[in-house]
Amino acid sequence: MNKLVITKNKVYFAVMFLIIYCSHDALMFGTNANTLFITVRKIIPFLLCAVLLLLNFVERKRYNAKHLLVGIFVILLPLCSCIVNNEAWGNYIYRFAIMFCALLLALSDYREKACKDYCSIMVFLCIWSIAVFAIANLLPGML
């Protein structure tokens, strides 16, 4: 029997998948009227940030101060827009968490593999979507 081995690359892959899959642009989370789905969608980026920070802490990752400051500055720009336009904070804080996850991924040693993982996740989701779309149209009683 094979044992499940959790590696750093698998955790990063899972984080990348969850960022994409739980996006508010995804059908399951973006167009769902169920408040549970909306709440889960808004909590997941914060959990993923915590996972990435924990991984970086365990690895004793040191950040380039210039890159970190530029990244934080870019992340704070939408919040400044929120203040200037006197808009609600909720959506901006959610986007801040997603952008912070992206910054942590970009500053990690995983960034090269992240591009490959992103492409493989998108190919999988595209093939899955086309298959489900075809089944729904060709065999509507099946779904």
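**A look at unusual backbone geometry**
- Not every positive phi belongs to a glycine, and N86 is a case in point at roughly 55°.
- Within the fold, N86 resides in the loop between α4 (65-84) and α5 (90-107).
- Judged by its relative accessible area of 71%, N86 is exposed.

**Focus on the nonpolar core**
- Core analysis: the biggest nonpolar cluster contains 22 residues, and Y12, M16, L52, F100, L105 and Y110 have the highest contact counts within it.
- When residues of this core are traced back to their parent elements, those giving at least two are α1 (8-21), α3 (35-58), α5 and α6 (111-138).
- Per-element tally for this core: the top contributor is α5, with 7 residues.
- Non-local contacts of Y12, meaning those with residues more than four positions away in its chain, are made with L52, L55, N56, E59, L105, S108 and Y110.

**Overview of the side chain of S108**
- Structurally, S108 can be placed in the loop between α5 and α6.
- A relative accessible area of 0% means that S108 is categorised as buried.
- A polar contact of 3.1 Å, which involves the side chain of S108, links it to the backbone nitrogen of Y110.
- Aside from chain neighbours lying at most four places away, what touches S108 is Y12, N56 and K61.

**Remarks on the packing of α1 against α3**
- The interhelical angle for the contact between α1 and α3, taken along N-to-C directions, is 160°, at an axis separation of 11 Å. Overall, the two elements α1 and α3 adopt an arrangement that is roughly antiparallel. The handedness of the crossing between α1 and α3 is left-handed. On the side of α1, the interface is formed by V11, Y12, V15, L18 and I19, while α3 contributes L48, V51, L52, L55 and N56.
- Counted by class, the contact of α1 with α3 contains 9 nonpolar, 1 polar and no charged residues.

Cut-offs and rules
- Residues numbered from 1 in each chain as written.
- Predicted model: local features only at pLDDT ≥ 70, side-chain atom pairs only at ≥ 80, totals over all residues.
- Heavy atoms only, no water.
- Helix = DSSP H or I, 4+ residues; strand = E, 2+ residues; numbered from the N terminus.
- Buried < 20%, exposed > 50% of the residue type's maximum accessible area, 1.4 Å probe, protein only.
- Core = buried A, V, L, I, M, F, W, Y, C linked by side-chain atoms within 4.5 Å.
- Contact = heavy atoms within 4.5 Å.
- Polar contact = N/O pair within 3.5 Å; in protein donor to acceptor, adjacent residues only side chain to side chain.
- Axes fitted to C-alpha atoms, helices over the stretch in contact; angles between N-to-C directions.
- Parallel < 35°, antiparallel > 145°, perpendicular 65-115°, else oblique.
- Left-handed = near helix turned anticlockwise from the far one by under 90°.
- Nonpolar A, V, L, I, M, F, W, Y, C, P; charged D, E, K, R; others polar.

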